[in-house]
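# Inside the fold
One-letter residues, chain by chain:
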Amino acid sequence: MADGYDPTSIELRWQQRWIDEGTYEIDNDDPRPPYYVLSMYPYPSGPAHIGHVRNYTFGDLLVRYRTMQGDGVLSPIGFDSFGLPAENAAIQSGMHPREHTDANIEALSSSLRRIGAVYDWRRQVKSHDPDYMKWSQWIFLKFYEAGLVFRDTAPVNWCRGCQTVLANEQVIDGLCDRSSDPVERRDMEQWFYKITDYAQELLDDIDDLDWPERVKIMQRNWIGRSEGAEFGLPIAEADGSARTDVEPLSVYTTRPDTSFGMTFAVMAPEHPRVDELTSPEHAAEVAAFRTDTSAKSEVDRLSTVGDFTKRGVFTGSHVVNPFTGVAIPLYLADYVLTTYGTGAIMAVPAQDQRDWDFATAYGLDIVRTVQPPDDFDGEAYTGDGPAINSATDSLDLNGMGVTEAKAAATDWLEQRDLGVRKVNFRIRDWLLSRQRYWGCPIPIVYCESCGEQPVPLDELPVELPHDIEFLPTGQSPLLFHEGFLTATCPSCGEPARRETDTMDTFVDSSWYFLRFADPFNHDAPFSAEAADHWLPVDQYIGGVEHAILHLLYARFFTKALADLGAAPATLREPFQRLFTQGMVRLGGGRMSKSKGNLVAPEAIIDEVGADALRLAILQVKPPAEDVDWEDFQIEGCSRFLNRVWRLAAPGTDLFSSARTGDLTDADVEIDRATHVLIDRITGDYDRWSYNTAVAAMMEFTNAVYKYVQSEQGPHRDTLDAAVDALLRVMAPAVPHISGELFELRGHGDIHAQPWPGFDPAKLVTSTETMVIQVNGKVRDKIDVAVDISDADAEALALASEAVQRHLDGGEPRKIIVRAPKLVSIVA
RNA sequence: GCGCCAGUGGCGGAAUUGGCAGACGCGCAGGGUUUAGGACCCUGUAUCCGAGAGGAUGUGUGGGUUCGAGUCCCACCUGGCGCACCA
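As the structure is a prediction and not an experimental result, all values here were calculated from the model.

## Looking at the pairing of strand 10 (residues 225–233)
Burial analysis of strand 10 places seven of its nine residues in the buried class, which makes it a mostly covered element. Looking at chain direction, strand 10 and strand 11 (residues 249–253) are connected through five bridges and run antiparallel. From the neighbouring strand, Glu230 faces strand 11, where its bridge partner is Tyr252.

## Quick word on the nonpolar core
Among the nonpolar cores identified, the biggest contains 89 residues, and Leu613, Trp629, Phe632, Leu641, Ile681, Tyr685 and Met697 are the most heavily contacted of them. Examining the composition of this core, we find that 11 residues originate from one element, helix 22 (residues 690–709), more than from any other.

## Looking at the packing of helix 19 (residues 634–648) against helix 24 (residues 735–744)
One can describe the packing of helix 19 onto helix 24 by two numbers: an axis separation of 10 Å at closest approach and a directional angle of 10 degrees. As summarised for this structure, helix 19 and helix 24 are arranged roughly parallel, according to the angle between their axes. Across the interface between the two elements, Leu641, Val644, Trp645 and Ala648 of helix 19 pack against Ile737, Glu740, Leu741 and Leu744 of helix 24. Looking at the contact of helix 19 with helix 24 residue by residue, the class counts come to seven nonpolar, no polar and one charged.

## Considering the sheet that holds strand 2 (residues 72–74)
Across the sheet, which stays open at both edges, the four strands sit in the order 2-1-24-25 with parallel pairing between neighbours. The sheet is open, and its two borders are formed by strand 2 and strand 25 (578–581), each paired with just one other strand. The mean inter-strand angle of the sheet, taken between neighbouring strand axes irrespective of direction, is 20 degrees. One ladder, built from four bridges, connects strand 24 (residues 539–543) with strand 25; its direction is parallel. Note that in strand 25 the partner of Tyr540 across the bridge is Leu578.

## Regarding the environment of Arg225
The topology assignment puts Arg225 in strand 10. Overall, the relative accessible area of 33% leaves Arg225 in the partly exposed class. Residues Arg225 and Arg426, spaced 201 residues apart in sequence, show a C-alpha to C-alpha distance of 6.5 Å. Residues contacting Arg225, with those up to four places away along its chain left out, are Gln200, Leu203, Val423, Asn424 and Phe425. Within the structure, the side chain of Arg225 is placed 2.8 Å from the side chain of Gln200, a separation counted as a polar contact.

## Focus on the sheet that holds strand 19 (residues 444–447)
Overall, antiparallel pairing links the four strands, which are arranged 20-19-22-21 in an open sheet. The outermost strands of the open sheet, each flanked by one partner alone, are strand 20 (451–454) and strand 21 (486–488). Taken pair by pair, the neighbouring strands of this sheet meet at an average axis angle of 45 degrees, ignoring direction. Across three bridges, strand 19 lies against strand 22 (residues 495–498) in antiparallel orientation. When the sheet's bridge partners are listed, Val445 is paired in strand 22 with Arg498.

## A look at the environment of Asp720
Position of Asp720 relative to the elements: it lies in helix 23 (residues 716–730). Each C-alpha atom, one on Asp720 and one on Arg745, is 9.3 Å from the other, the two residues being 25 residues apart in sequence. Engagement of the side chain of Asp720 in a polar contact is seen with the side chain of Arg745, the distance being 3.2 Å.

## Digging into the packing of aromatic side chains
Under the definition given, this model contains 49 aromatic pairs. Ring centres of Phe314 and Tyr331 lie 5.2 Å apart, and the angle between their planes is 45 degrees; on these two criteria the pair is classed as tilted. On the criterion of sequence distance, the pair formed by Phe314 in strand 13 (residues 312–321) and Tyr331 in strand 14 (residues 326–333) is long-range, its members being 17 residues apart. Judged by its relative accessible area of 22%, Phe314 falls in the partly exposed class.

## Notes on unusual backbone geometry
Outside of glycine, negative phi angles account for most residues, and trans bonds account for most peptide bonds. A cis amide bond links Leu460 to the next residue, Pro461, at an omega of 0 degrees. Within the secondary structure, Pro461 sits in the loop between strand 20 and helix 12 (482–485). Phi is positive for Asp417, which is not a glycine, with a value near 65 degrees. With respect to the helices, strands and loops of the structure, Asp417 is situated in the loop between helix 11 (402–415) and strand 16 (419–425). When its relative accessible area of 71% is taken as the criterion, Asp417 is described as exposed.

The rules we used
Residues numbered from 1 in each chain as written. Chains lettered and ligands numbered in written order. Predicted model: local features only at pLDDT ≥ 70, side-chain atom pairs only at ≥ 80, totals over all residues. Heavy atoms only, no water. Buried < 20%, exposed > 50% of the residue type's maximum accessible area, 1.4 Å probe, protein only. Helix = DSSP H or I, 4+ residues; strand = E, 2+ residues; numbered from the N terminus. Pairing = 2+ DSSP bridges. Core = buried A, V, L, I, M, F, W, Y, C linked by side-chain atoms within 4.5 Å. Axes fitted to C-alpha atoms, helices over the stretch in contact; angles between N-to-C directions. Parallel < 35°, antiparallel > 145°, perpendicular 65-115°, else oblique. Contact = heavy atoms within 4.5 Å. Nonpolar A, V, L, I, M, F, W, Y, C, P; charged D, E, K, R; others polar. Polar contact = N/O pair within 3.5 Å; in protein donor to acceptor, adjacent residues only side chain to side chain. Phe/Tyr/Trp six-rings, centres within 6.5 Å; stacked < 30°, edge-to-face > 60°.

Laid out in structure tokens, this is it:
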């Protein structure tokens, strides 16, 4: 064939055309129903890798499909362009992070265009663009004003390798999630966002999200709500009586019902009252223990394996168990953390395994207060059961189950003013300070006389100086840049020093989806009207690795911005539907730059075209599942596209041999198959079943080939209708080839076409294959009319020779008829 | 340990409501076309018995419900992911 399928030239031409014609640009006053499709904000690390391509192919299919369905689709793209890798590259290679980043953005943009993904490029945002930074800082200051920002000295996670502070979310099993170095603890002045103010709402609103269940579970776990009681343990005199001149030691427990089994108490080594509550003769030991603990990683501290004898120390003091009035020893132990609850616990070894281990190691009493089942052979028992050993004159819990006893114990505390019901959350405030250059500067200055001062809104953005020297010292280069450091106090006008911390890059990705709604706004990050028009995102697409960090922060920002009046008050959630696509692996392992086993999509596109690659991505596996690169069937997909080309391109033999005139049964059958195709693909696209959609296209194409090659040959009208429908349903998946063929066939721009409808009446056949089972086994199949009566179906089944053979003269005991599909005979 | 998800041919997978298991593709085999190769077209391809007709077995394992189970229920095995001793 002279004019064979040449993907490269076709694809480049269409890609240019979509950009030149602004096909997927959309204005906020577009009259079509708004539909917002968004793929997660990519970090520009260079040309797209195969995982990116998979992600953006799914997004692009949806953009094109919804457009054909008649929606006004918002399909924006931007770049999460701040972050550590650019700065590390600068230290290593001397290339400025800005140049490094800009080059990577160009490379990634080019990749996205090469796979045929379409966006409204006008709306593009980049985190490091001063125009974007301005509004990141503006939001910081609004949060500051509203009390959602604070500064505090806090033990922070310090990564020695990266020489920076990490958020809790970036610490995985005590190791840095980027460099895998062990994370140490250090005290620093840090900026925080008060995400804990929204803990309850963030938890409650998860229920209504159309998200994968496991992501919702992960968020609930992370927020970690627990209900319990907080109460005081009075400090004991030498004789064991309670002191009234000193504040009791406050503890939090989720098991107030077990309080009678409290045989000792434990403070975190960092607890502020350690010095006060340590007796002089134990001071040296306590000090040594605290030093040891501070050097330990969080993994070691929370571990429950191994010897407990070195993991605690006696303070020399006692406290009083308010339930029993008995004085019990007060210890420090590394497994108690200052960051959760009150930083001190009541220890109940019989019902908590760590307490049990500790008690065993230190020879402390163990008293059961919940009766374990008879067959229980463990140590600490945490299950349900009747309370025992839990009674005094004023409170008797004995016999109650855990739930009832909890309530009774808490009521008792509240009635006596000893304690209160308390809800605790595991989630902690969001530490956003980073001691790094390549991030958005925190817009604060420090004045000797006026103290901490927010930068006035009209002075934003605080920009990063460009002339910076990168040294591997681990300290932010901003600390040594006089021009940046020097500022004027907005309050008194005297010289002041600028904050050198920059923001965590998760700040940038926490509101970019709002900026996309109104990217040209010069007066605000976005208008409430624009946000109201587009948000929430109708379909968000990304990796499950962002299940906690990014998605939780973005939810927090959206709620806070709505409460501050920047976003519509009704906008409580940013992403109504979330789809998490699986990862692309190689040989069962992870693909990574360091392993040097990255698959380069560009090389594949050069060889077989972007459409074949897209089709292979869609075909290989259900989108939600991880997939191995070795399983991709690029060749089969390329072969299929060639088959379609030969079928649909005008001027081929297939096309010119078509007959005209009356329609035959074969024509009716192909017409029916065409409607089935549209029906199937519509359903498959709607439910993200792209692999079966591709199978449907292939099956249909095979059927049309058979039809064309049949003796009587194809009818021109039937063939035209079949092929045009095929191209239309393929358009969202393989936009270049279907666009090219549709145009060559003289029908104009396929992407401006409405989604094809189908006639339900045409889906039904006149006959159906009826299956006949004897004792559950298929014994015969008979073609019957679809409207056959049950009685006729039964008679037909019994008349079957095969059925009679298997009945072997016996009488059927029971016959189940599901006409016209099935007759089941029990012999 | 707790929670979630998955397990189907040589391989990736399909089976939307309990009703023909293995669609579609890859791979493999045979044939056609071609000077040849490639490309293309056609046919076959779960396992076992059988020349064939046909039969038996079969969706991780073991039970159960049902006329009928890949699908529902119970117990278990294996793998992946999350949480993990947060009081």
